[in-house]
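# Coordinate analysis (summary)
As a plain string of letters, each chain reads:
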Amino acid sequence: MKRSVYSPAVRPGIGGALSVALLLSACSQAPAPAPLSAAQPGTVSSSGGVQAQAISGSAIDAWRQQVIYLVMPDRFSNGNTSNDTLGQPNCFDPASPTKFHGGDLQGLRNRLGYIRDLGATAVWTTPVYKQVGIVNGNSCGYHGYWPDYTNPNDTAIEPRLGTGADLTGLISDLKAGGQKYMMDMVVNHAGYGARIVSQNPSWFHSNCTGDDIVCPLAGLPDFRQEDSAVATYLTNLSKTWVTNYAVDAIRMDTVKHVPNSYWQNSWVPGVLASRPNTFLLGEAFLSGSASQLKPFLDAGFDSTFNFPLRQALVDSVGKGGSLDRVAGSMQDTVGTLGLDRTLLQVNLLDNHDVPRFVNEPGTGVAESEIRARYGNALGLLMTLPGIPQLYYGNELGMYGANDPDNRRDMPGWAWTDAGRSVTQANFVAGGGTPKNTYDLTKKLVGIRTANPGLWKGGYAELWRPNGGQNVYAFYRGSGANRVVVIVNTSGSAATVNLDIQGNAGISAADKSALSNGTVFNDLLAEGAPSSATVTGGKLPLTIGAGRMGIYRAGATGTGGGGGAAVSVTFQVRASTFFGQDVYLTGNRAELGAWNTASALAMTPGDCSGSTCTWKTTVSLPPSVATQFKFIKKPGDSGASVTWEGGSNRSYTTPASGSATYNGGNWQ
């Protein structure tokens, strides 16, 4: 969170101006980004001199492949209207942007299928703590960052959001669907007038010396973590939450406003002792360079939000600046933190503390151009090293200026294709509908999930503008999965010759596999050339204005028939219980490489009772033989996965075009 006075600058006719000025929830103002040095393309450090992450073993890859979906429960879906007016008085008013609107944990549980269909695998909710009462006569803690802490702690949940049973049910539902839960926590401050302030007044800083740690943020009561009694209280509070609830991860608010010695010596070891291998993500609102984030990783956090990269994406893609900013920021991150830690950094376009990305271009930019820029930004979010985070509404192109305008309600029409297929006010149009944005987001998530090179592979820069035409290209590779990503945000077509064999950042094994004649096929299919072939050790491409391509190596070097990728829809008729879904996995990377965690989610339709036709569409090389099976997650009789019986299914893709594999009934 950040501190701000609300003064929206929304697009006329889109944002709906709100004339209100108020003190908002915590978080630090991001400083102006520092100039980025251009690291030598291809140079990659494994460690970067950063302390190793706390998570270990299979949890490392498990988190690298996540796609995080941020939800503010009050603004997402109202599943229980009977709790709307519980809690502090005068705080429920759906017409007020700074009060509760009725969304709750039950509403989120009801919509998990929507998030799962999108492909997001981890759900982060803003804090569920019980909140203080109305502030300044017009603001309440609908966002969760004004906790009404008490001593001894009572781990009370905000009654408007639900109960402990609701939270337990949400976590159980997520795990049953193969997803993870990330709990948002706050130890920097208490809410205005929280009970603990009068109970233990000496636990709070009374003097401000001008630094981030001692000065109260937005006037919120600021804990003295340097006091051992305070440190013990706060750490025990977090330990109780992770003991009572089976959280998979913690997003910690405002970490730069707390002494790093507290994180390192008290909170991190305390939480991990209570729930080992919990993924710890720190919010340090610092947009200058990766070196600003390194101290929090050294203090024990597995990850921080890559705000420097976000700022670069805003400046270059959102505002139409040079892609040198993105290229430089990415090399700065990898060079400073090393590849291992970079793969665990969380990348984002926006969240609840900044304007939504689609607002960044400004009122003078046509919506068709905003749509094009947003598509390219989403593409980079899903292909650059790091864990992508979506904010509810991103998948629909929701507009929103500074908070609280960026915290609008999720619309009721969002849950169905029919609703998303109509042009909607306050959502990006520009020749498309929210469905177009949703489908693109889902496609990009699917491409990332199906290609390990994009979530755990190395990174080598292939092309940057260097002050010239706005083209950026890079290589990602893991094992036999080798991908080249290229984006052209300029106003005209660009021809580039990407050096594969001469790039020092590409391994000798990959260079051997990417010999002359190797065909790269475009997985994205959004207007870039369908394929490109390695010639003379280089990959020549001509890409149109505003276009992006995600090319995977197919023929000659890594198998496959060459030529343009083909689109294959797989379908099967299967019966499931509530909360159970059908997935596809097989012997190719595109099909998850027999890894059930990477299996492709399928979408149900044509249902009769509990039996539906499940479908998913995959881009595959032409004329290749595949083996695969359908699976169910969670499995039957308490199992995590249920596989089809019988032999592997097999299918050979066509030489061109598209096709449907009708699998009949579940085996």
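Let us look at the structure shown here. (Residues numbered from 1 in each chain as written. Predicted model: local features only at pLDDT ≥ 70, side-chain atom pairs only at ≥ 80, totals over all residues. Heavy atoms only, no water.)

Scanning the model with the defined rule gives 3 disulfides in all. Disulfide pairing places Cys91 opposite Cys140 at an S-S distance of 2.0 Å. Taking the sign of the S-S torsion, -80° for the link of Cys91 and Cys140, the bridge is left-handed. One end of the pair, Cys91, is in the loop between strand S1 (68-71) and helix H2 (105-110); the other, Cys140, is in the loop between strand S2 (122-125) and helix H4 (164-176), with 49 residues separating them in the sequence. Pair check on accessibility: Cys91 and Cys140 agree, each one buried. One disulfide bridge connects Cys208 with Cys215, the sulfur atoms lying 1.9 Å from each other. In this structure the cystine formed by Cys208 and Cys215 twists about its S-S bond by roughly 75°; its chirality is therefore right-handed. By sequence order of its bonded cysteines, the chain has the disulfide arrangement 1-2, 3-4, 5-6. (Disulfide = S-S within 2.5 Å. Helix = DSSP H or I, 4+ residues; strand = E, 2+ residues; numbered from the N terminus. Buried < 20%, exposed > 50% of the residue type's maximum accessible area, 1.4 Å probe, protein only.)

With that out of the way, let us pick up the nonpolar core. Of all hydrophobic cores here, the largest spans 139 residues; its most connected members are Tyr69, Leu167, Trp263, Trp267 and Tyr472. Once residues within four sequence positions are removed from consideration, Leu167 is found in contact with Leu105, Val128, Ile157, Tyr181, Met183, Trp241 and Tyr245. (Core = buried A, V, L, I, M, F, W, Y, C linked by side-chain atoms within 4.5 Å. Contact = heavy atoms within 4.5 Å.)

Moving on, we come to the layout of surface pockets. Unfilled space is identified by rolling a water-sized probe across the atoms. Reported here for the second largest pocket is a volume of approximately 600 Å³. Lining of the second largest pocket is provided by 31 residues; of these, Arg371, Ala372, Gly375, Asn376 and Gly546 occupy positions nearest its centre. Elements with a minimum of two residues in the lining of the second largest pocket: helix H9 (307-318), helix H11 (367-383) and helix H13 (434-450). The greatest single-element share of the lining of the second largest pocket, amounting to 10 residues, is contributed by H11. Residues of the lining of the second largest pocket, tallied by class, amount to 10 nonpolar, 14 polar and 7 charged. (1 Å grid on protein atoms, 1.4 Å probe; cavity = no way out; pocket = protein on both sides within 12 Å on 5 of 7 lines; lining within 4 Å. Points joined across faces, edges and corners; volume = space filled by probe spheres on them. Nonpolar A, V, L, I, M, F, W, Y, C, P; charged D, E, K, R; others polar.)

Turning next to H9. The buried fraction of H9 amounts to 11 of the 12 residues, a majority that puts the element mostly inside the structure. Looking at H9, one finds that the buried residues are Phe307, Pro308, Leu309, Arg310, Gln311, Ala312, Leu313, Val314, Ser316, Val317 and Gly318. Structurally, H9 contributes buried residues whose contacts are with helix H10 (324-342), strand S7 (346-348) and H11. The backbone nitrogen of Leu309 lies 3.1 Å from a side-chain oxygen of the residue at the head of H9, namely Asn306. Gly320, located one to two residues past H9, shows a positive phi value of around 75°. (Polar contact = N/O pair within 3.5 Å; in protein donor to acceptor, adjacent residues only side chain to side chain.)

With that settled, consider the pairing of strand S13 (residues 519-522). Of the two faces of S13, the one holding Val519 and Asn521 and the one holding Phe520 and Asp522 are both buried throughout. Sheet analysis places S13 next to strand S14 (residues 531-533), joined by 3 bridges and oriented antiparallel. In the strand pairing of S14, Phe520 is matched with Ala532. (Pairing = 2+ DSSP bridges.)

Taking strand neighbours across the sheet as the criterion, the 6 strands line up as S9-S10-S11-S16-S13-S14 in an open arrangement whose pairing is antiparallel. Each edge of the open sheet carries a strand with a single partner, namely strand S9 (458-463) and S14. Pairwise comparison of adjacent strand axes, ignoring direction, gives a mean angle of 25° for this sheet. Looking at chain direction, S13 and strand S16 (residues 548-553) are connected through 3 bridges and run antiparallel. Bridging from a neighbouring strand, Asn521 pairs with Arg552 of S16. Contacts between H10 and the sheet are confined to S9 and strand S10 (471-478), with S9 contributing the most and set at about 150° to the helix. Running over the sheet, H11 touches S10, strand S11 (481-488) and S16 and is turned about 30° from S16. (Axes fitted to C-alpha atoms, helices over the stretch in contact; angles between N-to-C directions.)

On to empty space enclosed by the protein, then. One pass over the full model with this rule turns up 1 cavity of 30 Å³ or more. One number sums up the size of the largest cavity: a volume of about 90 Å³. In terms of lining residues, the largest cavity is bounded by 14 residues, among which Asp148, Tyr149, Asp154, Thr155 and Ala156 are the most central. Counted by class, the lining of the largest cavity contains 7 nonpolar, 3 polar and 4 charged residues.

Running from amino to carboxyl end, H9 crosses H10 at an angle of 170°, the nearest separation of the two axes being 8 Å. As judged from the angle between their axes, H9 and H10 are roughly antiparallel. Across the interface between the two elements, Pro308, Leu309, Gln311, Ala312, Leu313, Asp315 and Ser316 from H9 touch Arg325, Val326, Ser329 and Met330 from H10. (Parallel < 35°, antiparallel > 145°, perpendicular 65-115°, else oblique.)

Geometrically, the link from Asp403 to Pro404 is a cis peptide bond, its omega value of 10° lying close to zero. Among the structural elements, Pro404 can be located in the loop between strand S8 (387-391) and helix H12 (417-420). Residue Pro634 is bonded to the preceding Lys633 through a cis peptide linkage, with omega at -10°. Locating Pro634 in the fold gives a position in the loop between strand S22 (625-633) and strand S23 (642-643). Positive phi outside glycine occurs at Ala218, with the angle close to 55°. By the secondary structure assignment, Ala218 is in the loop between helix H5 (195-199) and helix H6 (228-244).

Locating Gly386 in the fold gives a position in the loop between H11 and S8. Exposure remark for Gly386: the relative accessible area of 2% places this residue in the buried category. Along the chain, Gly386 and Asn347 lie 39 residues apart, while their C-alpha atoms are 6.0 Å from each other. Sequence-distant contacts of Gly386, defined by excluding residues within four places in its chain, comprise Thr342, Leu343, Gln345, Asn347 and Arg448.

Next up on the list: the environment of Phe577. Mapped onto the secondary structure, Phe577 falls in the loop between strand S17 (566-575) and strand S18 (581-586). The partly exposed category is assigned to Phe577, whose relative accessible area is 38%. Phe577 sits 188 residues away from Gln389 along the chain, and the two C-alpha atoms are 29 Å apart. Not counting chain neighbours up to four residues away, the residues in contact with Phe577 comprise Pro634, Gly635 and Asp636.

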